[in-house]
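# A look at the structure
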Amino acid sequence: MSSQPHFYVTTPIYYVNDRPHIGHAYTTIACDVLARFKRLDGFDVHFLTGTDEHGQKVQKSAAAAGVDTRALTDRVSRNFRDLADAMGCAIDDFIRTTEDRHYAACRALWQRMMARGHLYAGSYAGWYSVRDEAFYDESELTTDAAGARVAPSGAEVAWVEEPSYFFRLSAFQERLLEHYERHPDFVLPEGRMNEVASFVRGGLKDLSVSRTSFDWGIPVPDDPDHVMYVWLDALTNYITALGYPDEEAALYRQFWPADLHMVGKDILRFHAVYWPAFLMAAELPLPRRVFAHGWLLNRGQKMSKSLGNVVSPYDLKDRYGLDQTRYYLLREVPFGSDGYIGHDSLVQRINSDLANDLGNLAQRVLSMVKRNCQASVPAPGAFDPADTGLMAAAGPALLATVREALDRQAFHRALEAIWSVIGDANRYVDEQAPWALRKTDPDRMATVLYALCETLRRLGILLQPVMPDAMDRLLGLLSVPAATRRFADLGDEGRLESGTALPPPVGIFPRYVEADADDPPAAGA
Ligand code: MSP
């Protein structure tokens, strides 16, 4: 096993009843940024995503579409896999719950819980929502505008009575509360930890973990009339992918427990209550953190197929650019909160933060270097405090700030810190006015341009996780070799070498210009 520090990050596995939309891309991109950050920071990383293919919802969708369930799952799963690629997400594995390896893991986990006395046979009579794939207590239901009983999420519910196995969730209440107490960052953001703890404090009932009224699922060992409840099946994916039930498998030994399960707030309870209880029951280690992000809203509501307000990630990419979209999603909405996305704020971010603050800075500096320094990295004279101050601000100190923010999944804070240094760099250009030094003090001009190139190198390295393609171009314009773009190269030892030839400068972030007023904005108004 390698002695490198390691980092295992997972997205939820996506239901294959839906077309991938920007909400799905949001989760996967956020994880990709963390995975890339950790890799550059010297970690051995495992980044997992995949699809959740069993359950009544998927079976019903296939029936409604008149297609074979397996054919539907193959097609939609492929769409999610393609989405990860299209969004520039460098995943290490893609899991499908219909794979053999997953059946083996689910059976083993089931048997382990059974052997320890945490599962028992009984029958379930109560409310079930197929859309949420969740059981609801009478007291949790509300009524919709038409007077029908609905789940707290607004989803339709139906009364279900069927033989079922139960998991002794009630027996884990105290242990869960103790765990939350001892690991206050087990769930972030903080407010969500409180919600979870108060839900558990309110009392836990045993959980139905098998279904008998349909068959699209993993058969229960020794009782094949039952299929496992889709959430038990789905949550197990996080260990399947590491080779469980082989606890000696290299990936399992290296990467379990997971460092982070990234989830949307709507599925926090499954990850922060049920999943740790299953693991406790099986005597397996618990994940270190569950982060619940908010919803991206469009026209005031969570995007969903049924509401018809879905924003396509492909439209955003085609229209605004991939790096621009990635930056916008993580910068615009404080991670953890709900937030609106839309054309106007996206264009504002592109033109102001990217084209103007960063793109223009690079363009000005690189064209001055081309014109005045023989198109190569300038040779600096003695540095002033202003020069060293700027370079230092963009170096290991900024890395430390960004690292601290990302360790709590605060992408917006990380980006704010980087943009504050970009602001410093722009002020420095204006104050030093290198264009005016060309005749009067060419040495000083070279020093200032050197400090700026070096600052751009550092910013380019730090921004790679969020905007891999654009930063690849920026670092290419500075002739930074691919092997020296890690965070370990951020400091003075990695500094640009004077005299290195630079390619002709080209813009890295074009301004967004409204094409046609009649064209409806891709991200809604
Ligand atoms: N299959 C389950 C997860 C099982 S994990 C063991 C599931 N799938 S899902 O496809 O419905 O949702 C996956 C994720 O996408 C959830 O984290 C959900 O919060 C997220 N999003 C779906 N719509 C979203 C928005 N509009 N905005 C942000 N994220 C949203 O739940």
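Residues numbered from 1 in each chain as written. Predicted model: local features only at pLDDT ≥ 70, side-chain atom pairs only at ≥ 80, totals over all residues. Heavy atoms only, no water.

## Re the layout of surface pockets
Rules: Cavities and pockets were defined on a 1 Å grid built over protein atoms only: a cavity is a set of grid points that admits a 1.4 Å probe from which the probe cannot escape, a pocket is an open set flanked by protein on both sides within 12 Å along at least five of seven lines, and lining residues are those with an atom within 4 Å of any such point. Grid points are joined across faces, edges and corners, and a volume is the space filled by probe spheres set on the points. Secondary structure elements follow DSSP: runs of H or I of four or more residues count as helices, runs of E of two or more count as strands, with numbering from the N terminus. Amino acids are sorted into nonpolar (Ala, Val, Leu, Ile, Met, Phe, Trp, Tyr, Cys and Pro), charged (Asp, Glu, Lys and Arg) and polar (every other residue, Gly among them).
In this structure, the second largest pocket encloses a volume near 440 Å³. What lines the second largest pocket is a set of 21 residues, among which Phe135, Tyr136, Asp137, Glu140 and Lys205 lie closest to the centre. Residue assignment for the lining of the second largest pocket shows that the elements contributing at least two residues are β5 (119-129), β6 (134-136), β11 (207-208) and α10 (268-281). Ranked by residues supplied to the lining of the second largest pocket, first place goes to β5 with 4 residues. Its residues assigned to classes, the lining of the second largest pocket comprises 11 nonpolar, 4 polar and 6 charged.

## Some words on the sheet that holds strand β19 (residues 339-340)
For the record, the criterion: Pairing between strands is defined by DSSP: at least two bridges between the two strands are required.
Within the open sheet, the 3 strands sit side by side as β18-β17-β19. Their pairing is mixed. Two strands in the sheet have a free side with no partner beyond their single neighbour: β18 (301-302) and β19. The pairing of strand β17 (residues 296-298) with β19 spans 2 bridges and is parallel. Note on β19: the bridge partner recorded for leucine 297 is tyrosine 340.

## Regarding the site of the ligand
What counts, and what does not: The rule for a residue being near a molecule or strand is that one of its heavy atoms must lie within 4 Å of it. N or O atoms closer than or at 3.5 Å make up a polar contact, with two conditions inside protein: a donor-capable atom paired with an acceptor-capable one, and, for residues adjacent in sequence, both atoms drawn from side chains. All accessibility values rest on the Shrake-Rupley procedure with a 1.4 Å probe; residue burial counts only the protein chains present in the view.
Around the ligand there are 24 residues in total, and Ile13, Asp52, Gly264, Asp266 and Leu296 lie nearest to it. Separating a nitrogen atom of the ligand from a backbone N or O atom of isoleucine 13 is a distance of 2.8 Å. Taking aspartate 266, its side chain carries an N or O atom lying 2.6 Å from an oxygen atom of the ligand. For the ligand, whose accessible area on its own is 670 Å², the fraction buried by protein is 95%. At the level of secondary structure, the elements contributing two or more residues to the shell around the ligand comprise β2 (14-15), α1 (22-40), α7 (230-235), α8 (237-240) and β15 (260-264).

## What to know about the environment of glycine 202
To be explicit about the condition: Relative accessibility thresholds used throughout: buried, under 20% of the residue-type maximum; exposed, over 50%; partly exposed, between the two (1.4 Å probe, protein chains only).
As for its position among the elements, glycine 202 is in the loop between α6 (190-201) and β11. Overall, glycine 202 belongs to the exposed group, its relative accessible area being 66%. For the pair glycine 202 and tyrosine 128, spaced 74 residues apart in sequence, the C-alpha to C-alpha distance is 21 Å.

## Some words on the pattern of salt bridges
To keep things clear, this is the line we draw: Should a side-chain nitrogen of Lys or Arg be within 4 Å of a carboxyl oxygen of Asp or Glu, the pair is scored as a salt bridge.
This structure, assessed with the given rule, holds 35 salt bridges. Of the charged contacts in the structure, one is a salt bridge between glutamate 138 and arginine 149, with a shortest N-O distance of 2.7 Å. You can see glutamate 138 sitting in the loop between β6 and β7 (142-143) and its partner arginine 149 sitting in strand β8 (residues 149-150), a full 11 residues away along the chain. A relative accessible area of 36% means that arginine 149 is categorised as partly exposed.

## A few points about empty space enclosed by the protein
If you roll a probe as big as a water molecule over the atoms, it shows you where there is empty space left. Overall, the coordinates contain 4 cavities of 30 Å³ or more when judged by the stated rule. Residue lining of the largest cavity: Val33, Phe37, Leu330, Val402, Leu406, Phe411, Ala414, Leu415, Ile418, Leu462, Pro465 and Val466, and that is the complete set. Elements with a minimum of two residues in the lining of the largest cavity: α1, α15 (396-406) and α16 (411-432). Here the lining of the largest cavity gets 4 residues from one element, more than from any other, and that element is α16.

## Examining the domain arrangement of the protein
As a reminder of what qualifies: As annotated, the domain borders come from an automatic or database domain assignment. By definition in these notes, contact holds between two residues if any of their heavy atoms fall within 4.5 Å. Two parts lose some accessible area (1.4 Å probe) when they are put together, and adding that loss for both gives the buried area.
Domain assignment breaks the protein into domain 1 (6-293) and domain 2 (343-494). Each of domain 1 and domain 2 has a C-alpha centre, and these two points are 42 Å apart. Across the boundary between the two partners, domain 1 contributes 14 residues, which contact 17 residues of domain 2. The junction of domain 1 with domain 2 conceals about 1400 Å² of combined surface from both sides, 66% of it contributed by carbon and sulfur atoms. On the domain 1 side of the contact with domain 2, Val33, Phe37 and Leu40 bury the most area, a combined 45% of that side's loss. Inspection of the domain 1/domain 2 interface yields 3 salt bridges. In this structure, aspartate 185 engages arginine 408 in a salt bridge whose closest nitrogen and oxygen atoms are separated by 3.2 Å. Viewed at the interface, domain 2 and domain 1 are joined by 6 residue pairs in polar contact (both at pLDDT 80 or more). Mapped by element, the contributors of at least two residues to the side of domain 1 that touches domain 2 are α1 and β15. The element contributing the most residues to the side of domain 1 that touches domain 2 is α1, with 7 residues. Across the side of domain 1 that touches domain 2, the residue classes tally to 9 nonpolar, no polar and 5 charged.

## What to know about helix α11 (residues 313-320)
Here is the rule we go by: Comment: arc refers to directions from the helix axis out to C-beta atoms.
Every buried residue of α11 is accounted for by Pro313, Leu316 and Tyr320. Down the axis, α11 shows its buried residues gathered within 65° of arc, on one side only. One side-chain oxygen of the residue at the start of α11 lies 3.0 Å from the amide nitrogen of tyrosine 314, identifying that residue as serine 312. Just beyond α11, the residue with positive phi is glycine 321, at close to 105°.

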